[in-house]
Protein chains: 2
Amino acid sequence: MKALKYQRARGRTAKRPRVSDFANRLFIAWRNLKLPTDNASVILAASGGADSTALLLALDELLRAEKLSLKLVVAHLDHGLREASKADALWVASLALELGLDYVKRRTDVKKRAARSGDNLEQSARRARYEFLKKTAKEYKATLILTAHTLDDQAETIILRLLRGSAAEGLSGIDAVRLLDSKSDIQLARPLLGWARRVDAEDYCRSRRVEFRHDEMNEDETFARVKVRKRLLPLMQTFNNKIVEALSRTSALLREDAKALSEQADKLLELATQRSDQKKGQTVAAPLNVHVLATAPAAVRRRALRQWIGQGRGDLRRLEMVHLAAVDRLLNGKLGGRTAELPDGCRVTRRREWLEFKSKQPNGVSREKS
Amino acid sequence: MKALKYQRARGRTAKRPRVSDFANRLFIAWRNLKLPTDNASVILAASGGADSTALLLALDELLRAEKLSLKLVVAHLDHGLREASKADALWVASLALELGLDYVKRRTDVKKRAARSGDNLEQSARRARYEFLKKTAKEYKATLILTAHTLDDQAETIILRLLRGSAAEGLSGIDAVRLLDSKSDIQLARPLLGWARRVDAEDYCRSRRVEFRHDEMNEDETFARVKVRKRLLPLMQTFNNKIVEALSRTSALLREDAKALSEQADKLLELATQRSDQKKGQTVAAPLNVHVLATAPAAVRRRALRQWIGQGRGDLRRLEMVHLAAVDRLLNGKLGGRTAELPDGCRVTRRREWLEFKSKQPNGVSREKS
C-alpha cells in the first residue's frame, strides 16, 4: 500500500486536495440522494472487493478534501464460507487502519445459519450481513449504512426479477436510498448505484494502486446472479452495448409507475374501508367494500388487495398472482358466501357487499401479529 | 395433403365433429377476447409457416364444428425476399382451396420499398403486410383481421423492447386485440397470443399431417428477433423453464399499469388545460398550467407531457426520455422564458404559469397536421 500512503501524504500537505473524478461523481450522487454531509456517523459495508474498496477510498478522498465531515466506520462480516475469508478480513482491517478509520468485524457461519433457517446460502448471507450492519449502526449511533452496489448489480437484479416474472415493483430493482426496515430510522444508501459501473470501481482502485480482493464465489455459475453476470448480460450486450444503463433507466421509470399506483392503492383502501363496521383503531384488514374496489383500475385494485392481504397476514410470503386473481374474482357478480384460499390457511370471503379477511386463528388476529 | 382430406371427410360424415384440443383452446381464447362468432368476414394473414397454418386449420375445425359461423378469407403477401416465396404462395393457395376458403394474394418488393422509405427490411415488410391486410379487409368488408402471433412472439417482443430500454408501454408487448389504426373500425386480433407456444402450433400441424413451410429468414441471426429466439431465450430458459410464460405474465401486469396511468394522464391534461386562454375547439397542444402538472405523480406527469407533445407534433417520432426530462425541468422554479428543444425543431416554452408548445412553423400548426 505504498501508493496509498503517498496519496495520504499529499493529502496532508495540500489543505484541500483536488479529488479524483470517481470521488467527484460520488459526491454529486451523494448530494442528489440528499445524504448527510456532516455531523453523522456512517457505517460502510466493506467486503474487500473492488466495489466497496472503491467506495471506501472515494469517501476517504472526500473526507480529506473536507467535502464531507462524517464519522466513517468500516464494517466487515466474515461469512466463513471460503478459505480466504480470514485473509480478506485482515486486508480490510489493515486498509481501515491505514486510512485512520474505525473498523468493526464479525465472523459468522452462514452455512449453519442456512441449515437452521431453511434459507439458501445467498439469502442467509444477505440476512446475516444486514443484521450485522444494523447492530453496528446501533452501536455507533449511526443513522446511515452504505453498501457499494453498482449499476451492474442493479442490472443483474432487474434481470433476475424478470426471469422470475416480476411486476413493476420487482423490476424497479434496488433502491438507492431506503429505510433499513419499517421500524428503524436508519437509512440504507447505495451511492454508486445510479452511475458507477463495476469496471469504474476496479479502474479507480487501480488508479489508487490498491489491490482489491477477489471472491472466487463471484465466479461460481451455480449462483444465478453469477451466471447472469457471466453469460446473460454479455449476450444482451451484443444487442445493445449500453444494456446496463438501459436496464437502469427502465427500472427508474417502472419505479415511478409503481410509486404512483401504490399511493393510489393506499387511497383506494382507505375509501373501501370507510363505511365498514370495523371498530375505529382496529384497522388491520378491515372489510373492504366491493363496489368501491370494482370501479378502480385493475392495476390499482390489484395493489390494494395485495396491501390489504399483507395487513391481514402480517406479511406477503408465498402470495402469488393466482391468489390475488382468486380474491379479485370474488368482486365479480352479486353472489356472497364465496371464499378464496390464501397460502398459510388464511381466507378471504365475500359476504354481500364486503370482502372479509379471515386469518388462520379463530380470534381474528393473524399469526405474525399475535 | 391426404390426411387433411381424410379429416375433412370425417368432418362431413359426423354433423358436429369433435374438435381437437388446439382448436378448443383457440375457441376459449376467441370468446375471452370477445371476437365475433357469426355474421362477420374475417381476414387471416397466412404466411404458410407453422403458426398461421395452425390458426387456419384450427379455425377450419371450428367452422366445420359450427362453433363459429364466419366468412374466412386467407390472405397471403409474397414479400419477394426469398427464392421460395412463390412456392410458399402456391402452397397457401392450395391449402385454402383444399379447405374451400377464399384466397387473396399479392406480391410486393419489400427491398425496393425499404430503399424508397428508409425503413429497414423488417419494418418495411411489416408495413407492406398491414397495408395489404387493411386493403383486403376493405375489399371483403371484413371487420376483423387475424394474425397468428404466439406466446413466443410475445416473449421475443418483450425482450427486444427491454434491450432498447423501454418503459411499461413498450414492455406490455403485443396487443391481443386492438383497432388496426386510430382511423379504422377494423379490429386486429391475435387469438394464439395468450396461450399457444410455437411448438404447440407445430405439433398441431403435424397432428393434422400438414407439412407447414419453413422460412429460412427465421434462421438468420443478423435479425435481432431471430438472435433473441435462437440464443437469448434458450439461455434465459436455463434459469426458468417457464420463461416465455413468465414474460407474458409480466407484460400483462405492466399493460394494466400503463393503462391506468395513461387514463390518469388524460385526466391530468384535461385539468391542466382547463383554465388556458386557448379558444374552444383548438385543443391541439393547448398551453398547460404548470401548477396543475407539478402536483401530479411523476409517472402520470411524464405520460401527460408525452401525449401533449404528440398532440402538438402530430407524432412521437424520435422523442426520447432526455427531451421529456428537459420539458419536465421547465416545471421547476418560478422563472419563465425558458425553453426545451424537441427533435424536428419544435419547442416547449415556459411563460409564467404556462407551458406553451411551439411547432416548427410560424403559424402554430405542426408539420404533420398541415
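These lines cover the structure that appears in this document, whether it is placed above or below. (Residues numbered from 1 in each chain as written. Chains lettered and ligands numbered in written order. Predicted model: local features only at pLDDT ≥ 70, side-chain atom pairs only at ≥ 80, totals over all residues. Heavy atoms only, no water.)

## Some remarks on the overall build of chain A
Then comes step 1: Looking only at helices and strands, one finds 14 helices and 10 strands in chain A.
Then comes step 2: Considering only C-alpha atoms, chain A reaches an extent of 80 × 50 × 40 Å along its principal axes.
Then comes step 3: Counting every position in chain A, which comprises 370 residues, the buried fraction comes to 51%.
Then comes step 4: Across chain A, contacts joining residues at least 24 apart in sequence account for 67% of those joining residues at least 6 apart.
Then comes step 5: Carbon and sulfur atoms provide 48% of the accessible area of chain A, an area that totals close to 18,900 Å². (Helix = DSSP H or I, 4+ residues; strand = E, 2+ residues; numbered from the N terminus. Buried < 20%, exposed > 50% of the residue type's maximum accessible area, 1.4 Å probe, protein only. Contact = heavy atoms within 4.5 Å. Areas by Shrake-Rupley, 256 points an atom, 1.4 Å probe, with all protein chains shown as cover.)

## Things to note about the relation of the copies chain B and chain A
Then comes step 1: For these two chains of identical sequence, chain B goes onto chain A by a turn of 180° and a shift of 0.0 Å along the axis, with RMSD 0.1 Å. Classification of the inter-copy transformation places it as that of a two-fold axis. (Least-squares fit on C-alpha atoms with pLDDT ≥ 70 in both.)

## Let's talk about the interface of chain B and chain A
Then comes step 1: Taken together, the 36 residues of chain B in the interface contact 36 residues of chain A.
Then comes step 2: Looking only at chain B, the three residues that lose the most surface to chain A are B:Leu162, B:Leu163 and B:Phe239, adding up to 20% of its buried area.
Then comes step 3: Close ionic contact of B:Arg302 with A:Asp257 constitutes a salt bridge, the shortest N to O distance being 3.0 Å.
Then comes step 4: Inspection of the chain B/chain A interface yields 17 residue pairs in polar contact (both at pLDDT 80 or more). (Buried area = accessible area lost by both parts, 1.4 Å probe. Salt bridge = Lys/Arg side-chain N within 4 Å of Asp/Glu carboxyl O. Polar contact = N/O pair within 3.5 Å; in protein donor to acceptor, adjacent residues only side chain to side chain.)

## Let's talk about the packing of helix 2 (residues 21–32) of chain A against helix 3 (residues 50–64) of chain A
Residue and element names in this part refer to chain A.
Then comes step 1: Relative to each other, helix 2 and helix 3 sit at 85°, their axes nearing to 9 Å. Put simply, helix 2 runs roughly perpendicular to helix 3. Residues Phe22, Ala23, Leu26, Phe27 and Trp30 of helix 2 form the contact with helix 3, whose own contacting residues are Ala54, Leu55, Ala58, Leu59, Glu61 and Leu62.
Then comes step 2: Counted by class, the contact of helix 2 with helix 3 contains 10 nonpolar, no polar and 1 charged residues. (Axes fitted to C-alpha atoms, helices over the stretch in contact; angles between N-to-C directions. Parallel < 35°, antiparallel > 145°, perpendicular 65-115°, else oblique. Nonpolar A, V, L, I, M, F, W, Y, C, P; charged D, E, K, R; others polar.)

## Side note on the sheet that holds strand 2 (residues 69–78) of chain A
All names here are of chain A.
Then comes step 1: Pairing is mixed in the open sheet, where 6 strands are placed in the order 3-2-1-4-6-5. Only two strands of the sheet have a single partner each, and these edge strands are strand 3 (102–107) and strand 5 (177–179). The sheet shows a mean angle of 25° between the axes of neighbouring strands, direction not considered.
Then comes step 2: Of the pairings in the sheet, the one linking strand 2 to strand 3 comprises 6 bridges and is parallel in character. Within strand 3, the position partnered with Val74 by the bridge is Tyr103.
Then comes step 3: Here helix 3 sits on the sheet and contacts strand 1 (38–45), strand 2 and strand 4 (144–146); the angle it forms with strand 2, its principal contact strand, is near 160°. (Pairing = 2+ DSSP bridges.)

## A closer look at helix 14 (residues 321–329) of chain A
All names here are of chain A.
Then comes step 1: Within helix 14, burial applies to His323, Leu324, Ala326 and Val327. Seen along its axis, helix 14 keeps its buried residues to an arc of 160°; they face one direction.
Then comes step 2: Contacts from the buried residues of helix 14 go to helix 13 (298–313), strand 8 (339–341), strand 9 (347–351) and strand 10 (354–358). (Arc of directions from axis to C-beta.)

## Regarding the pattern of salt bridges
Residues and elements named next belong to chain A.
Then comes step 1: Following the criterion strictly, the structure yields 60 salt bridges over all chains and no others.
Then comes step 2: For Asp344, the salt bridge identified is with Arg318, shortest N-O distance 2.7 Å. Placement of Asp344 in the loop between strand 8 and strand 9 and of Arg318 in the loop between helix 13 and helix 14 is noted, with a sequence separation of 26 residues between them.
Then comes step 3: A cluster of three or more residues bridged by salt bridges with shared partners is formed by Asp51, Asp153, Glu156, Arg198, Arg225 and Arg229.

## A word on the sheet that holds strand 9 (residues 347–351) of chain B
Residues and elements named next belong to chain B.
Then comes step 1: The 4 strands are arranged 7-10-9-8 in an open sheet whose pairing can be described as antiparallel. Edge positions in the sheet fall to strand 7 (288–289) and strand 8 (339–341), since each has one partner strand and no second.
Then comes step 2: Sheet analysis places strand 9 next to strand 10 (residues 354–358), joined by 5 bridges and oriented antiparallel. Bridge pairing in strand 10 links Arg351 to Trp354.
Then comes step 3: Where helix 13 (residues 298–313) meets the sheet, it contacts strand 7, strand 9 and strand 10, and its direction lies at approximately 35° from that of strand 10.

## Let's talk about the packing of aromatic side chains
For any pair of aromatic rings, the description rests on two quantities: the centre-to-centre distance and the angle between the ring planes.
Then comes step 1: In total, this model carries 6 aromatic pairs over all chains according to the counting rule given.
Then comes step 2: When the ring of A:Phe22 is compared with that of A:Tyr204, the centres are 4.4 Å apart and the planes differ by 10°; the resulting orientation is stacked. One end of the pair, A:Phe22, is in helix 2; the other, A:Tyr204, is in helix 9 (residues 198–207), with 182 residues separating them in the sequence. Note on accessibility: A:Phe22 and A:Tyr204 belong to one class, buried.
Then comes step 3: One aromatic cluster is present, built from ring pairs that chain together A:Phe22, A:Trp195 and A:Tyr204.
Then comes step 4: Over the aromatic face of B:Phe239 sits the side chain of A:Lys227, whose NZ or CZ is 4.5 Å from the ring centroid. (Phe/Tyr/Trp six-rings, centres within 6.5 Å; stacked < 30°, edge-to-face > 60°. Lys NZ or Arg CZ within 6 Å of the ring centre and 35° of its normal.)

It is worth stressing that arrangement in space is one thing and function is another; only the former is reported here.
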